[in-house]
Amino acid sequence: KKSPVVASPLRLFDCSLSVNGASVAILTKKETDVKISGSSLVVDRLPAFESKDMTSWEATRLAAKEAYNQAGITPEDLDIAELHDAFTSVELISYEDLGFCRKGEAKEMIRKGVTNLNGKLPVNTSGGLKAKGHPISATGISQVYEIVKQMRNEAGERQVSNVKYGLTQNIGGAGSTVAVH
């Protein structure tokens with residue numbers, strides 16, 4: 001709360017730092033202990049100012065709906081999530097767009113500890129983009145990596161117990177391109 005204002009109301013620690021980075025994913029037909037059961041990419045309008053609602057992104061809502069349908073689950077089935085938190089406000093918007101809560105209730109999830117490491121739905125156990133930096137193209141794979149570590153009980157001090165379903169959400173552009181797995 002005491003960090004410098006970047007663009008009101010966002011302060012320095014509400015914003016992720018763009019950094020250099022790389023990642024790789026190996027896709028195989030070989031049997032594994034972790035499977036992607038739902039995956040969707042949705043592209044919406046690029047200019048954010050064309051949106052009807054500046055506190056919601058249709059691309060996230062549509063990608064989540066499709067990924068949930070493919071996986072045969074609902075948001076209530078999730079045990080953990082890694083979200084695109086380039087800014088604090090984006091994380092809150094995502095809680096609502098992904099169906100974790102109703103519109104306007106995201107702040108209550110935080111106040112009640114729902115998204116904490118020991119909460120009902122731990123979010124960004126990796127620390128998220130604000131904690132680890134935001135290597136633009138590598139971000140999505142790093143989210144999948146964290147979920148896989150969690151599902152394999154290899155996350156050490158960050159470990160969440162009994163993870164069956166995890167979700168990743170990555171946003172490109174100004175909310176115009178969203179991938180949900």
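Colleague: Go over helix α2 (residues 88-97), please, and point to the residues and values.
Modeller: Most of α2 sits out of view: 7 of its 10 residues are buried. Among the residues making up α2, those that are buried are Val 90, Glu 91, Ile 93, Ser 94, Tyr 95, Glu 96 and Asp 97. Elements in contact with the buried residues of α2: α1 (58-71), α3 (106-111), α4 (128-132) and β5 (166-172). Directly beyond the C-terminal end of α2, a positive phi value near 85° is found at Gly 99.

Colleague: Which residues make up the pairing of strand β6 (residues 177-180), and what values go with them?
Modeller: Where strand β3 (residues 40-43) and β6 come together, 4 bridges link them in antiparallel fashion. Bridge assignment links Ser 40 to a residue of β6, and that residue is Val 180. By the bridge criterion, 4 bridges tie β5 to β6 in an arrangement that is antiparallel. Residue pairing across strands places Gln 169 opposite Val 180, the latter belonging to β6. The antiparallel pairing of β5 with β6 creates a hairpin that spans 4 residues between the two strands, and Gly 173 there sits at a positive phi of about 60°.

Colleague: Help me get a handle on the pattern of salt bridges, residues and values and all.
Modeller: Taken as a whole, this structure holds 7 salt bridges when the rule is applied. Asp 33 is the salt-bridge partner of Arg 152, the closest N and O atoms lying 2.9 Å from each other. Taken together, the positions of Arg 152 in the loop between α5 (139-151) and β5 and Asp 33 in the loop between β2 (10-11) and β3 put the pair 119 residues apart, joining distant regions of the chain. Two residues, Glu 108 and Arg 111, come together in a salt bridge whose shortest N-O distance is 3.0 Å. Taken together, the residues Glu 108 and Arg 111, both in helix α3 and 3 residues apart, mark about one turn of the helix. Given a relative accessible area of 30%, Glu 108 falls into the partly exposed group. Taken together, the salt bridges that share partners define one network made up of Asp 85, Glu 91 and Lys 130.

Colleague: Run through the environment of Leu 10, naming residues and quoting values.
Modeller: Here Leu 10 shows up in strand β2. In sequence terms Leu 10 and Pro 135 are 125 residues apart; their C-alpha atoms lie 20 Å from each other. Contact partners of Leu 10, with chain neighbours within four places excluded, come to Val 5, Cys 15, Phe 87 and Ser 89.

Colleague: So what about the sheet that holds strand β4 (residues 80-82)? Which residues, and what values?
Modeller: Strands pair in a sheet through their backbones, by hydrogen bonds, and they do so in one of two ways: parallel or antiparallel. Taken in spatial order, the 4 strands line up as β3-β6-β5-β4 in an open sheet, and their pairing is mixed. One side of each edge strand has no neighbouring strand; the edge strands of this open sheet are β3 and β4. Sheet twist, expressed as the mean angle between neighbouring strand axes with direction ignored, is 15°. Summarising the sheet, β4 and β5 pair through 3 bridges and their orientation is parallel. Bridge pairing in β5 places Ile 80 opposite Gly 166.

Colleague: Which residues make up α1, and what values go with them?
Modeller: Given a rise of 1.5 Å per residue, 14 residues ought to cover 20 Å, and the 20 Å separating the end C-alpha atoms of α1 matches this to within 8%. Buried residues along α1 sit against β3, α2, β5 and β6. Where α1 ends, the next residue or the one after it, Gly 72, has phi of about 70°, a positive value.

Colleague: Describe the side chain of Lys 149, with residues and values.
Modeller: Summarising the element assignment, Lys 149 is placed in helix α5. No salt bridge forms around the buried Lys 149; measuring N to O, its nearest opposite-charge neighbour Glu 154 is 4.1 Å away. Non-local contacts of Lys 149, meaning those with residues more than four positions away in its chain, are made with Glu 154, Ala 155 and Gln 159.

Colleague: A description of a nonpolar patch on the surface should follow, citing residues and the corresponding values.
Modeller: There is a patch of nonpolar side chains on the surface, built from Val 6, Leu 12 and Phe 13 and spanning about 320 Å² of accessible area. Along the chain, Leu 12 turns up in the loop between β2 and β3. Here Leu 12 falls in the partly exposed class, since its relative accessible area comes to 40%.

What counts and how
- What you see as residue numbers is a count from 1 along each chain, following the sequence as written.
- Local features in a predicted model are, by the rule used here, given only for residues with pLDDT of at least 70; side-chain atom pairs are given and counted only at 80 or more, and totals for whole chains, interfaces and linings are based on all residues.
- As a convention, hydrogens and water are excluded, and side-chain values are obtained from all of the structure's heavy atoms.
- Each residue is placed in one exposure class: buried if its accessible area under a 1.4 Å probe, protein chains only, is under 20% of its type's maximum, exposed if it is over 50%, and partly exposed if it falls in between.
- Labels follow the DSSP assignment, with helices taken as runs of H or I lasting at least four residues and strands as runs of E lasting at least two, numbered in each case from the N terminus.
- Residue contacts follow a heavy-atom distance rule, with two residues in contact if any of their heavy atoms lie within 4.5 Å.
- Only strands that DSSP links by at least two bridges are regarded as paired with each other.
- Salt bridges are defined by distance alone: a side-chain nitrogen of Lys or Arg within 4 Å of a carboxyl oxygen of Asp or Glu.
- Angles here are taken between N-to-C directions and fall from 0 to 180 degrees, while the axes themselves are lines fitted to C-alpha atoms, restricted in helices to the stretch in contact.
- A helix is expected to span 1.5 Å multiplied by its residue count minus one.
- Neither His nor the chain termini are counted; the positive set is Lys and Arg, and the negative set is Asp and Glu.
- Two distance rules govern patches: like charges are joined within 9 Å, and nonpolar side chains (Val, Leu, Ile, Met, Phe, Trp, Tyr) within 5 Å, applied only to residues with over 30% relative accessible area and no salt bridge.
- Surface accessibility follows the Shrake-Rupley procedure with a 1.4 Å probe radius. Residue values consider only the protein chains on display as shielding.

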